[in-house]
Amino acid sequence: DTFPRVQQTRPLRAPPSSQDKIPQQNSESAMAKPQVVVAPVLMSKLSVNAPEFYPSGYSSNYTESYEDGCEDYPTLSEYVQDFLNHLTEQPGSFETEIEQFAETLNGCVTTDDALQELVELIYQQATSIPNFSYMGARLCNYLSHHLTISPQSGNFRQLLLQRCRTEYEVKDQAAKGDEVTRKRFHAFVLFLGELYLNLEIKGTNGQVTRADILQVGLRELLNALFSNPMDDNLICAVKLLKLTGSVLEDAWKEKGKMDMEEIIQRIENVVLDANCSRDVKQMLLKLVELRSSNWGRVHATSTYREATPENDPNYFMNEPTFYTSDGVPFTAADPDYQEKYQELLEREDFFPDYEENGTDLSGAGDPYLDDIDDEMDPEIEEAYEKFCLESERKRKQ
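These figures come from a predicted structure and were not determined experimentally.

Caption draft 1: Structural view of the layout of surface pockets. In this structure, the largest pocket occupies an estimated 450 Å³ of space. Every residue lining the largest pocket is counted, 17 residues in all, and those nearest its centre are P130, K183, H186, A187 and L190. Contributing elements (two or more residues each) for the lining of the largest pocket: α5 (112–128), α9 (179–198) and α11 (231–254). Top contributing element to the lining of the largest pocket by residue count: α9, with seven residues. Its residues assigned to classes, the lining of the largest pocket comprises eight nonpolar, four polar and five charged.

Okay, structure coming up:
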């Protein structure tokens, strides 16, 4: 029996005693001497050494069976499916249990059919359960490097890519299909995006690269989605680009390709022409905005350069501007600025109670001016913050 049986014991009731009975007395004697009732002592047969109890349907017995290997399972598929369900429920256990799982598979997966079955089980789990696509991609990457079986039909990674190609070849029909077909197709698209990010291919020199075939496949899948601009297709395209857009654009730029520019242009055309919903158009515009900000990535300057008038056009931005008696402005960029500014500073010594703008600092101040709120208008404050951020960005370039 998988689950240990727990012996149910009934609490023992102490035999009735004289203490349990309250003698019948008249009211006067009862008020004079109240009787004290002593609760009976109940004895239990429960023991601290009893086996651990699991409620019916609880899956904690997985760990014991898992450690014993696939011999305790009727078939290999049941063992693998049990592990996949376990990872779905407890993704944090991946790091601690994946090594043992791979070792067990190396002892159980010994034929071409068994390897094919393993690939299919992982693929179905990754495309049928949305939250498992990332974990499934990580699992595929680990097994592609640690499974030792490599039959003539191909190793684990080759069989996995062949399985993905089967779905890829019907992309155009799937993007035009009914709602159920499109939903299954979208799950495949997002899983392929996770595979592109997580599936590592080690070269002969030890360098790690991504699968170029997946990069090409994702480009064609985006074409299929944008060629059929239904709301759910466009939402899937947005999710895919948010997931892989930065990596895809970097890879295309290294090859001198302008694929991302073409995709962005296509998105803008969809926003203008397609009959998609307003919310989806808003998602597409937000995606274009994200891409214009380099996918939200912030690159710190590699070397620090002290700002000078020669390398920073905003060097004098925070310096005050003065006007001559003729109304001609002069700033810190003027050759005579420092000398004239020094004269103004010396002139302040003669008027210690006034600021440069003439505000009287000696008294309590103007009661009317004291009541004015110093806070900026929200629109002015937002514009000012944008101005400061833009100036800081230009200064660092």
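Caption draft 2: Geometry of the pattern of salt bridges. Tallied over the full model, the rule gives 12 salt bridges. For E167, the salt bridge identified is with R163, shortest N-O distance 3.7 Å. With E167 and R163 both in helix α7 (residues 156–168) and four residues apart, this pair spans about one turn of that helix. Judged by relative accessible area, which is 18%, R163 ranks as buried. Where D212 meets K255, a salt bridge forms, and the shortest distance between an N and an O atom there is 3.8 Å. Within this pair, whereas D212 is found in helix α10 (residues 212–227), its partner K255 is found in the loop between α11 and α12 (259–273), the two being separated by 43 residues in sequence. Taking relative accessible area as the criterion, D212 reaches 46% and is therefore assigned partly exposed.

Caption draft 3: Expanded view of the nonpolar core. Judged by nonpolar contacts, the single largest core of 75 residues is most densely connected at L105, L118, L143, F156, L195, F226 and I267. If we ignore the near neighbours within four places in the chain, the residues touching I267 are F226, L241, L284, L287 and V288.

Caption draft 4: Fine view of unusual backbone geometry. One non-glycine residue, N294, lies in the positive phi region at around 60°. Its place among the elements puts N294 in the loop between α13 (278–292) and β3 (322–323). With a relative accessible area of 25%, N294 lands in the partly exposed category.

Caption draft 5: View of the side chain of N228. Within the element layout of this structure, N228 appears in the loop between α10 and α11. A distance of 2.9 Å separates a polar side-chain atom of N228 from the backbone oxygen of A224. Residues within four places of N228 in sequence aside, it is in contact with A175, K176 and N233.

Caption draft 6: Quick look at the environment of D112. Its location among the elements puts D112 in helix α5. Look at D112 and you get partly exposed, because its relative accessible area is 29%. For the pair D112 and I149, spaced 37 residues apart in sequence, the C-alpha to C-alpha distance is 8.6 Å. Among residues more than four places away in sequence, those in contact with D112 are P151, S153 and L159. Within polar-contact distance, the side chain of D112 engages the side chain of S153 at 2.7 Å.

The rules we used
Residues numbered from 1 in each chain as written. Predicted model: local features only at pLDDT ≥ 70, side-chain atom pairs only at ≥ 80, totals over all residues. Heavy atoms only, no water. 1 Å grid on protein atoms, 1.4 Å probe; cavity = no way out; pocket = protein on both sides within 12 Å on 5 of 7 lines; lining within 4 Å. Points joined across faces, edges and corners; volume = space filled by probe spheres on them. Helix = DSSP H or I, 4+ residues; strand = E, 2+ residues; numbered from the N terminus. Nonpolar A, V, L, I, M, F, W, Y, C, P; charged D, E, K, R; others polar. Salt bridge = Lys/Arg side-chain N within 4 Å of Asp/Glu carboxyl O. Buried < 20%, exposed > 50% of the residue type's maximum accessible area, 1.4 Å probe, protein only. Core = buried A, V, L, I, M, F, W, Y, C linked by side-chain atoms within 4.5 Å. Contact = heavy atoms within 4.5 Å. Polar contact = N/O pair within 3.5 Å; in protein donor to acceptor, adjacent residues only side chain to side chain.

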